[in-house]
Amino acid sequence: MSEKILEIKNLQKKFGKFEALKNITFDIKKGEVFGFIGPNGAGKSTTIRILLGILHANGGSAKIFGKDVWQSAVSIHKRLAYVPGDVYLWPNLTGGEIIDLFLKLNQQRHSARTDELIKQFDLDPTKKVRTYSKGNRQKVALIAAFSTAADFYIFDEPTSGLDPLMEEIFQKNVMHLKNEGKSILLSSHILSEVEKMCDRIGIIRQGKIIETGSLDDMRHLTRTVFVLETQKPLESLSQLEGVYNFKPVLDKEGVNKATFTVDSENINSVLEKLVAYKIISIQSTPPTLEDLFMRYYNQKEGSR
Amino acid sequence: MRYNLFNQTGYIIRFYLRRDRFLIVGWLILIVGLMGGAAAKFDSIYGTKAALASIVTTLKTPAMKAMFGSFTAKPPYTSAIIYASEMMVFMGLVFAMMNIYFAVKNSRTEEDNGTLELIRAHSVGKLSPLIAVIIELFVINLINGVLIAISLEFAGMTGTDILGNCLFGLGLAAFGFMFGMMSLLVSQLANNSRGATILSYLILGFTYIARMLTDVKNTNYTWITMFGLIEKLEIYTENNWLPVLYMVLSALLLLFVTIFASTHRDVAAGLIPTRPGRRNASFLLANPFSLILRLERISLIIWTCGLFVLGISYGSIFGNIGNLLKTNPSVAKLIGSSAIKSSNHAIILNFAATLSVVFAVIATIPAVITILRINNDEKKGWLEQIHARGISRSNIFFSYIAVALLCEALCLLVALLGMGFAGMSAKDPVSLLRFLRAFSGYLPAIYVVSGIAALFTALFPKIQNIVWILPIYGLFSMYFGNLLNFPKWAKQLTPYGWVNRVPLKEVQWNNGVVMIGLTLGLFLISYLIYSKRDLLES
Ligand SMILES: Nc1ncnc2c1ncn2[C@@H]1O[C@H](COP(=O)(O)OP(=O)(O)O)[C@@H](O)[C@H]1O
Ligand SMILES: [Mg+2]
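Caption draft 1: Broad picture of the site of ligand 1. The full set of residues close to ligand 1 is F15, F18, A20, P39, N40, G41, A42, G43, K44, S45 and T46 of chain A together with E537 of chain B. Close to ligand 1, residues of chains A and B are found. The contact in question runs from an oxygen atom of ligand 1 to an N or O atom on the backbone of G41 of chain A, over 2.7 Å. In the environment of ligand 1, an oxygen atom lies 3.2 Å from a nitrogen or oxygen atom belonging to the backbone of A42 of chain A. Protein chains bury 65% of the 560 Å² of accessible surface belonging to ligand 1 in isolation. When contributions to the shell around ligand 1 are tallied by element, the ones reaching two or more residues are strand 2 (18-29) and helix 1 (44-51) of chain A. Examining the composition of the shell around ligand 1, we find that 3 residues originate from one element, helix 1 of chain A, more than from any other. Within the shell around ligand 1, the residues separate by chemical class into 5 nonpolar, 5 polar and 2 charged.

Caption draft 2: Up close: the interface of chain B and chain A. The interface is formed by 39 residues belonging to chain B together with 42 residues belonging to chain A. Taken over both partners, the interface formed by chain B and chain A buries close to 3500 Å², and the fraction arising from carbon and sulfur atoms is 55%. The interface formed by chain B and chain A includes 3 salt bridges. Where chain B touches chain A, the interface holds 22 residue pairs in polar contact (both at pLDDT 80 or more). Taken together, the elements giving at least two residues each to the side of chain B that touches chain A come down to helix 11 (288-295), helix 17 (384-387) and helix 22 (509-532) of chain B. Among the residues making up the side of chain B that touches chain A, the classes are represented as 13 nonpolar, 13 polar and 13 charged.

Caption draft 3: View of empty space enclosed by the protein. Counting across every chain of the model gives 2 cavities of 30 Å³ or more. Taken as a whole, the largest cavity holds about 170 Å³ of empty space. In terms of lining, the largest cavity is formed by 16 residues, of which the most central are E111, L116, R120, L130 and R265 of chain B. Of all the secondary structure elements, the ones that give two or more residues to the lining of the largest cavity are helix 5 (79-112), helix 6 (115-121) and helix 7 (128-155) of chain B. Looking at the lining of the largest cavity residue by residue, the class counts come to 7 nonpolar, 4 polar and 5 charged. In this structure, the second largest cavity spans a volume of roughly 40 Å³. In terms of lining residues, the second largest cavity is bounded by W90 of chain A together with P288, L291, I292, L383, I386, I396 and Y400 of chain B. Those elements that provide at least two residues to the lining of the second largest cavity are helix 11 and helix 18 (393-423) of chain B. Looking at the lining of the second largest cavity element by element, the count peaks at 3 residues for helix 11 of chain B. Residues belonging to the lining of the second largest cavity are distributed by class as follows: 8 nonpolar, no polar and no charged.

Caption draft 4: Spotlight on the domain arrangement of chain B. All names here are of chain B. For chain B, the assigned domains are domain 1 (1-272) and domain 2 (285-538). If you average the C-alpha positions of domain 1 and of domain 2, the two centres end up 26 Å apart. Counting residues at the interface gives 26 residues for domain 1, matched by 24 residues for domain 2. Summing both sides of the interface, domain 1 and domain 2 together bury roughly 2300 Å²; the carbon and sulfur share of this comes to 77%. When the area that domain 1 buries against domain 2 is broken down by residue, the three leading residues are M67, F90 and R194, summing to 23%. At the junction of domain 1 and domain 2, the tally comes to 1 salt bridge. Close ionic contact of R194 with E296 constitutes a salt bridge, the shortest N to O distance being 3.8 Å. Seen at the junction of domain 1 and domain 2, the total is 2 residue pairs in polar contact (both at pLDDT 80 or more). Those elements giving two or more residues to the side of domain 1 that touches domain 2 turn out to be helix 2 (21-45), helix 4 (62-68), helix 5 and helix 9 (193-217). The biggest single contributor to the side of domain 1 that touches domain 2 is helix 9, with 9 residues. Along the lines of polarity and charge, the residues of the side of domain 1 that touches domain 2 split into 22 nonpolar, no polar and 4 charged.

Caption draft 5: The pairing of strand 3 (residues 33-37) of chain A, seen in detail. Residues and elements named next belong to chain A. The buried fraction of strand 3 amounts to 5 of the 5 residues, a majority that puts the element mostly inside the structure. Alternating residues of strand 3 divide into V33, G35 and I37 and F34 and F36, and every residue in both groups is buried. For strand 3 and strand 8 (residues 183-187), the ladder comprises 4 bridges, and the chain directions are parallel. Each residue of the ladder has a partner; that of V33, found in strand 8, is I184.

Caption draft 6: Quick look at the layout of surface pockets. Residue and element names in this part refer to chain B. Estimates place the volume of the second largest pocket at around 1200 Å³. Around the second largest pocket, the lining comprises 45 residues; the ones closest to its centre are M64, N350, T354, N482 and R501. Secondary structure elements with two or more residues in the lining of the second largest pocket: helix 3 (49-59), helix 4, helix 13 (318-321), helix 14 (324-327), helix 16 (337-379), helix 20 (469-480) and helix 21 (488-491). Looking at the lining of the second largest pocket, its residues break down into 23 nonpolar, 16 polar and 6 charged. Both domains that meet at the lining of the second largest pocket, namely domain 1 (1-272) and domain 2 (285-538), each give it at least three residues.

About the criteria used
- Residues numbered from 1 in each chain as written.
- Chains lettered and ligands numbered in written order.
- Predicted model: local features only at pLDDT ≥ 70, side-chain atom pairs only at ≥ 80, totals over all residues.
- Heavy atoms only, no water.
- Near = heavy atom within 4 Å.
- Polar contact = N/O pair within 3.5 Å; in protein donor to acceptor, adjacent residues only side chain to side chain.
- Areas by Shrake-Rupley, 256 points an atom, 1.4 Å probe, with all protein chains shown as cover.
- Helix = DSSP H or I, 4+ residues; strand = E, 2+ residues; numbered from the N terminus.
- Nonpolar A, V, L, I, M, F, W, Y, C, P; charged D, E, K, R; others polar.
- Contact = heavy atoms within 4.5 Å.
- Buried area = accessible area lost by both parts, 1.4 Å probe.
- Salt bridge = Lys/Arg side-chain N within 4 Å of Asp/Glu carboxyl O.
- 1 Å grid on protein atoms, 1.4 Å probe; cavity = no way out; pocket = protein on both sides within 12 Å on 5 of 7 lines; lining within 4 Å.
- Points joined across faces, edges and corners; volume = space filled by probe spheres on them.
- Domains from an automatic or database assignment.
- Buried < 20%, exposed > 50% of the residue type's maximum accessible area, 1.4 Å probe, protein only.
- Pairing = 2+ DSSP bridges.

What follows is the structure, given as structure tokens:
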């Protein structure tokens, strides 16, 4: 039975009358990388800020290491590292000074690992923050977080200002933490990133978690895309159970080519029936997180 | 498409004016209210010949020259002449502060926030934003000046004339505009808004002190102190327009230098370059307290030095003030030499008591700035990383408070010491220790002000700036309280008025203990509120 690092139950947060979080419930187990995805304004940052004791929840509970996030903020934070999406730092300190300060605030020191990270991320630590771009400020926070020895790492869209090269270094370091058995909460927009690194994901939309599970679990819920060419006309295919988005590709001799999607549950039964149409060629693409994402986002409220 | 240096200037001006309209109206109410309110009272206070004669004698003493500027008018005196001479220096200060505020806000702050970059990215001329600020400042000063003239005309004090009223308003407007241009130039040199503000105030302080020294020692030199120009208008007597011309010319000169400087630098960079800094944090930078101290380092040094210099400047005129033989020989002849010495001391200590309030008020400014930074830094997102580390809210909150309390105590102390040291040059000097009574007397009071600032920070983060009313009103009631016959309660509205006239009188220790208790209570309540609320976001 693996230990739970994070436990959120029915978390709610209001800003005045506006309900930013309506009902957030999910867990992160020890050693797990959890991907937290959702459109802008869905409530990812709000959730994370509650976890950090920066905002006070209006209802529900959130626990990290089994302790209440508001009550025991200080003791939780001693074993936690956090990188926000927008990093704002004191303009008249240098990057190097801030990295050291952040480490000291967690009773840690500048180590060889810190130097290595500074090199990896290609940061000039002697420059004043005033002269840094958004990406450079993000690097400061990332270096400080990665060189902090913690048990739980929270990243809130940490690569939004980084170039692809730096993104890769970020991913490499996350994988490094993962291999060390650390637990990670990664809120992200970059689906390939989440797909590559996360064991489980949670999808949030308008302040509600609408799906959690492993990527495989979710693929199960999604539709595979087929491109099919047959000898026999295949209009009737659209009537089959589990076939959606049927788009015929018109030829001179009638409809012999089409694209469509099939629910994962029905793949077997659909495939059995395809043989009867005399297949010339068939292609299938597994659903990506993108498809999944789009599918949830495009749903009108209440249609699920 | 037509594209030049001044493209869209009109649009930006309208944008600035619309955005700043409440702030502009706020300053207008403050300035015209001060001018009009005082004008309405002057006739009743200085209605009699005797009252006029006694205030003229007072205004001619060196101590009063130091505060209000030299009194040069010739008889017959009217309440309008007294009014002009009492109000001018103080209103000049207020105008300069308003101009520094808007100049820095709409040039440097705009750049720091990145707003300017957005504006420039549109089809906007390279110089348009700067020209827009210049014109905005011009408009603000002009409106203030015209409204002052109108309100003076309406107040209708004895001895006013329409030319004098116009000169009063427009003179102040020109003076303000000149300081606005100075601050705009400074904004080009400094590389952030805080630096620009500090540098502007340093220059203002420097010109103010120069004006004071020349007023007391030799008024012929007051002309060249920039600040002193405003004292040379001779309103309601000669109505001299020449200084206005000088101020406008200085403003134009500063304006051209500013434009030149701005075309020679990049957005968000200063002309004073930034050097590479430390690779690692010093061992001192290790907790919120040392962090805030480090961030406030420069301004702490500037405030401390500034107050020390201010103290020295005032102390250096003690020789002129505490010299009955010179200032009032007829009285001096009547009393014996030991009596002369003790009355000299009394005059000095009385003046020192007035100055102590000034020092106390100024010393609270850096402290209040530091306390209000709790929310300001929070809004900028600077504290998010600290909160996310193993640092408690009480640690953060009380670190700011501790830096503030330390800073104001230091500022008050050095100002009094500076005054005491420089006062040694007087013929019968007062002992240095005597001045420290003002330290023990005023420290609890300025701590209460800090406590109130903390309460505002916690309770009303959105309107926390209202707390500035305390020092502003404190300074005002100290400056004008006696001259305008303020009732006792009106002087005691702020904690500055709760202290007796130290160092002339003995320190009221029990009073101080009560104020310290009150301070502690205020901090505690503030913390309890602060610890329960959400962090602010921009
Ligand atoms: N301090 C605040 N006051 C009012 N509304 C807020 C505040 N912070 C966030 N919100 C609102 O809450 C919603 C969720 O925001 P956020 O958590 O930042 O979304 P995400 O990080 O998923 O993009 C948004 O609609 C946002 O406008
Ligand atoms: Mg966000």
